Amino acid sequence: MSFSRAQKARCFLTHLRCMSNIPENTVYGGPKFQDPNQRVTLTNLRQKHKRREPIISVTAYDYPSAVHLDTAGIDVCIVGDSASMVVHGHDTTLPISLDEMLVHCRAVARGAKTPLLVGDLPFGTYESSTNQAVDTAVRVLKEGGMDAIKLEGASPSRISAAKAIVEAGIAVMGHVGLTPQAISILGGFRPQGKTLASAVKVVETALALQEAGCFGLIVECVPPLVAAAATAALRIPTIGIGAGPFCSGQVLVYHDLLGMNQHPHHAKVAPKFCKQYTRVGDDINKALLEYKEEVTSGSFPGPSHSPYKMNNKEFDGFLNELQKLGLDKAASAVAEAAEQYDKAKSSNGESPAKD
């Protein structure tokens, strides 16, 4: 019986999996096929927007948080340059580099298989020219594994960048209101839209980004009525953060909404508008203190967290080899440790350190 090349390849892979201790689904380490019925797409977002269903977004920066977003069924995951502050400990979003952002993007992409993934273009990577903007956006998709990019502001150069990126075939999310990359001009992290001129500017910049081809907009730190005006004026969805309830959806930072960071730096940078749905940071601090106390007292690791054993034959041979090597002190320590360990095991009704 003759076999085709494909049949031979399948037989070889089956044989290889039988020989390997690697789980079957990781033998091939390349990108995994995305089920179009599973991944949230721009079409899905437009349909939700048309049905007036809120779009749920969360900003996350790593694999564990991305897995949580996946499990919760979040619509959009934004890998934000706010990682500069939340993860890297800077006071602003400006210091983070494109290479650092790509590390965060790849980690999130490995964990979040369902949400639409949007990666921020960091400060200094798209302002110089449309060519620079397109090149950066291409890297965020190709190297970062994102589905779309986000850029801030609506100055003429930003509008040109947005248009060029869209024309290059890349989906773009805009960002109006408080744009953290512009704090040098804004004079800090200050809410926008509180005056007549500022409110009109928020709506006008939103319209300009829509005309540039953006599929949606972040509206940050503006009065709710200004966000309502922008949302009503646009055909595309708005995602609010500190902008009240009248946007097409909402976004919060993963660490903020979980109350993860309980330290002076985070107290300085935590936004006033964020609701903490839990205080994970308190649980983390408590767990670390308990761990420190148990290691100090010697109660951890106990028998239940020391699961690996030697059989009697190997144990005796190990002692003999230590003695042959002239390591009598080590041999005595092993014998003493085995005796102590067996006592601890027997007091807990568990099997001894050696079989």
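- As annotated in an unreviewed UniProt entry, the protein chain carries the name 3-methyl-2-oxobutanoate hydroxymethyltransferase and comes from Acer negundo.
- In its Catalytic activity (unreviewed entry) section, UniProt records this for the protein chain: "(6R)-5,10-methylene-5,6,7,8-tetrahydrofolate + 3-methyl-2-oxobutanoate + H2O = 2-dehydropantoate + (6S)-5,6,7,8-tetrahydrofolate".

## As for helix α13 (residues 280-297)
Okay, step 1: Look at α13: 26 Å from first C-alpha to last across 18 residues, which is about the 26 Å you get at 1.5 Å a residue.
Okay, step 2: One or two steps after α13, the chain reaches G298, where phi turns positive at roughly 85 degrees.

## Let's talk about the pattern of salt bridges
Okay, step 1: Counted according to the given criterion, the structure contains 11 salt bridges.
Okay, step 2: One salt bridge in this structure joins D147 and R39, with 4.0 Å as the shortest N-O distance. Taken together, the residues span a long stretch of sequence, with D147 in the loop between α6 (130-142) and β4 (148-150) and R39 in the loop between α1 (5-19) and α2 (42-50) at a distance of 108 residues.
Okay, step 3: With relative accessibility at 11%, the residue R39 sits in the buried group.
Okay, step 4: Across the salt bridge formed by D75 and K48, the nearest N and O atoms sit 2.8 Å from each other. Here K48 lies in helix α2 and D75 lies in the loop between α3 (63-72) and β2 (76-79), a separation of 27 residues in the sequence. Exposure class is identical for D75 and K48. Each is buried.
Okay, step 5: The network of salt bridges with shared partners includes D99, R139 and E143.

## A closer look at the packing of helix α5 (residues 98-111) against α6
Two quantities define a packed helix pair, namely the angle between the helix axes and the distance between the axes.
Okay, step 1: In the contact formed by α5 and α6, the axes pass within 9 Å of each other and the chain directions differ by 30 degrees. As far as their axial angle goes, α6 and α5 are roughly parallel. Relative to α6, α5 is oriented so that their crossing is right-handed. Contact residues: α5 offers L98, D99 and L102, while α6 offers T136, R139 and V140.
Okay, step 2: Taken together, the residues of the contact of α5 with α6 break down into 3 nonpolar, 1 polar and 2 charged.

## Notes on the nonpolar core
Okay, step 1: Within the largest apolar cluster, 57 residues are counted, with the highest numbers of intra-cluster contacts made by I149, L151 and I165.
Okay, step 2: Sorting elements by how many residues they give to this core places α5 first, with 6 residues.
Okay, step 3: When neighbours within four sequence positions are excluded, L151 is seen to be in contact with L121, Y126, R158, A161, A162, I165, V172, M173, G174, H175 and L209.
Okay, step 4: With 16 residues, the next largest nonpolar core counts V40, L42, I78 and V251 among its residues.

## Considering the pairing of strand β5 (residues 171-177)
Okay, step 1: Taking burial as the measure, the 7 residues of β5 include 7 buried ones, the bulk of the element.
Okay, step 2: Here β5 shows two buried faces, one formed by A171, M173, H175 and G177 and the other by V172, G174 and V176.
Okay, step 3: Pairing between β4 and β5: 3 bridges, direction parallel. Within β5, the position partnered with K150 by the bridge is M173.
Okay, step 4: You can see the chain leave β4, run along helix α7 (residues 156-167) and come back into β5, and the turn it takes is right-handed.
Okay, step 5: The pairing of β5 with strand β6 (residues 216-220) spans 5 bridges and is parallel. Within the sheet, the bridge partner assigned to H175 lies in β6 and is I218.

## Thoughts on the sheet that holds β2
Okay, step 1: Spatial strand order, β1-β2-β3-β4-β5-β6-β7-β8: 8 strands in a closed barrel with parallel pairing. Taking each pair of neighbouring strands and ignoring which way they run, the sheet shows an average axis angle of 25 degrees.
Okay, step 2: With 4 bridges joining them, β2 and strand β3 (residues 116-120) adopt parallel strand pairing. By the bridge assignment, C77 is partnered in β3 with L117.
Okay, step 3: Of the strands in this sheet, β5 and β6 are in contact with helix α9 (residues 196-211), which crosses β5 at around 175 degrees.

## Re the pairing of strand β7 (residues 238-241)
Okay, step 1: Burial along β7 is two-sided: the face carrying T238 and G240 and the face carrying I239 and I241 are both buried.
Okay, step 2: Bridge count for β6 against β7 is 4 bridges, and the pairing is parallel. Looking at β7, one finds that V219 is bridged to G240.
Okay, step 3: Assessed by its sense of winding, the connection that carries the chain from β6 through helix α10 (residues 224-233) to β7 is right-handed.
Okay, step 4: Pairing between β7 and strand β8 (residues 249-253): 2 bridges, direction parallel. Each bridged residue has a counterpart across the sheet, and for I239 the counterpart in β8 is G249.

Conventions adopted
- Along every chain, residues carry numbers that run from 1 in the direction the sequence is written.
- A pLDDT threshold of at least 70 governs which residues receive local features in this predicted model, and a stricter bar of 80 or more applies before side-chain atom pairs are shown or counted, although totals over entire chains, interfaces and linings include all residues.
- Hydrogens and water molecules were not included; the side-chain quantities draw on all heavy atoms of the structure.
- UniProt positions are given in the numbering used here, feature names are shortened, and annotations may be inferred rather than shown by experiment.
- Each helix is a run of DSSP H or I of at least 4 residues and each strand a run of E of at least 2, with the numbering of both proceeding from the N terminus.
- Here, expected helix span is obtained from the residue count minus one, scaled by 1.5 Å.
- We define a salt bridge as a contact between a side-chain nitrogen of Lys or Arg and a carboxyl oxygen of Asp or Glu at a distance within 4 Å.
- For every residue, the accessible area (1.4 Å probe, protein chains only) is compared with the maximum for its type, and the residue is labelled buried under 20%, exposed over 50%, or partly exposed between those bounds.
- Every axis corresponds to a line fitted to the C-alpha atoms, with the helix fit spanning only the stretch in contact, and the corresponding angles, defined between N-to-C directions, vary from 0 to 180 degrees.
- The scheme is simple: roughly parallel for angles under 35 degrees, roughly antiparallel for over 145, roughly perpendicular for 65 to 115, oblique for anything else.
- For a crossing to be left-handed, the near helix must be turned anticlockwise from the far one by less than a right angle; the clockwise case is right-handed.
- Whether two residues are in contact is decided by their heavy atoms: any pair within 4.5 Å suffices.
- Basically, the charged four are Asp, Glu, Lys and Arg, the nonpolar ten are Ala, Val, Leu, Ile, Met, Phe, Trp, Tyr, Cys and Pro, and anything else, Gly included, counts as polar.
- As used here, the term nonpolar core means buried Ala, Val, Leu, Ile, Met, Phe, Trp, Tyr and Cys residues forming a set that is joined through side-chain atoms within 4.5 Å.
- A pair of strands is considered paired only if DSSP assigns at least 2 bridges between the two.
- Note on handedness: a crossover is taken as right-handed if, strands pointing away from the viewer, the path from the first strand over the helix to the second is clockwise.

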